[in-house]
Amino acid sequence: SIQCHPRPEYIRREFGEPFTQDESYYIVTNRPGARVYLGFRNNVNPDQFRAEVERSHREQVPIDVDRFVNSVPSHQHDLFLIPNGTIHASGTDNLVLEISATPYIYTFKIYDWVRKDLSGKLRPLNIDRAWQNLYFDRQEDYVREHLCPRPQVIKSGEGWQELFLGTHPAIFYQVNRYDFTQPVEVTTENRFHVLNLVEGESVWLETASGSRAQFHFGETFVVPAAAGGYRLIPGNGELCRVVKVFVK
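Please read all numbers here as calculations on a predicted model, not as lab measurements.

(A) Fine view of the packing of aromatic side chains. Enumeration according to the criterion identifies 13 aromatic pairs in this entry. Between the aromatic rings of Phe40 and Phe136, the centroid separation amounts to 4.6 Å while the plane-to-plane angle is 20°, which identifies the pairing as stacked. Remark: Phe136 occurs in the loop between helix 3 (127-131) and helix 4 (140-147) and Phe40 occurs in strand 3 (residues 35-40); sequence separation between them is 96 residues. Take Phe40 and Phe136: they sit in the same class, and that class is buried. For the cation-ring pair, Arg7 lies above Tyr135, with the distance from its terminal atom to the ring centre recorded as 3.6 Å. The ring centre of Tyr135 lies 4.0 Å from the NZ or CZ of Arg138, which sits over that ring.

Written as structure tokens, this is what we have:
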């Protein structure tokens, strides 16, 4: 669905939560022509958009979302940043790894393509709450400059490299990735790491204390800060890509 998440001050005031939901979409794979909805079109008219989504929900008719909401092409291994208050949706034909700080269920639905559940009911929407949180100035130029980062190599060695994928001032975590065909040594630097194998059949993880476990494509695993260090080993000597997320 087309949606947004609450601003920090709103979620504290309305729901008593100490932090809000800032997320990112990592495109694990997709089909040609896939797109991600992110931010607004230039010169969007908020009142016109609200009138359209309310009419859609009232009369159960579709609307032309692309008149109002910006969309960008998506490709395998792209990262899209979605700080709170940003309108977004994954779009069709994307397999998304959602990286998210999620306190609970505070997602404000705006438009759900007039889809009905098995009982024939429309999905509940949260249009009024959404309008209290949306940043309408996050339009095409802002999205291109701040929400669609390009990978940067920050460390490398024989058969491996670490890339910085992205973060945003409103997001308290950072997304990196290891690309490797040879074992890579990682230190936690007193932060816990959340990892996911986004390419390759399997990977082995060995901690400094001798613990060892195997993980397969698409699986998420967490290394505690107290582990100190660990090694990632490609399962079959093939190219592996592991996304690493940690609190900044």
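(B) Examining the layout of surface pockets more closely. Roughly 310 Å³ of internal volume is contained in the largest pocket. Looking at the largest pocket, it is lined by 21 residues, and the ones nearest its centre are Ser1, Ala89, Ser90, Gly91 and Trp113. Listing elements by their share of the lining of the largest pocket, those giving two or more residues are strand 2 (22-30), strand 3 and strand 7 (94-101). In terms of residue class, the lining of the largest pocket is made up of 5 nonpolar, 9 polar and 7 charged. Lining of the second largest pocket is provided by 16 residues; of these, Ile99, Ser100, Tyr173, Val194 and Val245 occupy positions nearest its centre. Going through the elements one at a time, strand 7, strand 13 (193-199) and strand 18 (240-247) are the ones with two or more residues in the lining of the second largest pocket.

(C) Summary view of the sheet that holds strand 16 (residues 220-223). Reading across from one edge, 9-10-11-18-13-16 is the order of the 6 strands in this open sheet, with antiparallel pairing throughout. Edge positions in the open sheet fall to strand 9 (152-157) and strand 16, since each of these has one partner strand only. Averaged over all pairs of adjacent strands, the angle between their axes in this sheet comes to 25°, without regard to strand direction. Note: strand 11 (residues 173-180) against strand 18, 8 bridges, orientation antiparallel. Paired with Arg177 across the bridge in strand 18 is Val243.

About the cut-offs
Residues numbered from 1 in each chain as written. Predicted model: local features only at pLDDT ≥ 70, side-chain atom pairs only at ≥ 80, totals over all residues. Heavy atoms only, no water. Phe/Tyr/Trp six-rings, centres within 6.5 Å; stacked < 30°, edge-to-face > 60°. Helix = DSSP H or I, 4+ residues; strand = E, 2+ residues; numbered from the N terminus. Buried < 20%, exposed > 50% of the residue type's maximum accessible area, 1.4 Å probe, protein only. Lys NZ or Arg CZ within 6 Å of the ring centre and 35° of its normal. 1 Å grid on protein atoms, 1.4 Å probe; cavity = no way out; pocket = protein on both sides within 12 Å on 5 of 7 lines; lining within 4 Å. Points joined across faces, edges and corners; volume = space filled by probe spheres on them. Nonpolar A, V, L, I, M, F, W, Y, C, P; charged D, E, K, R; others polar. Pairing = 2+ DSSP bridges. Axes fitted to C-alpha atoms, helices over the stretch in contact; angles between N-to-C directions.

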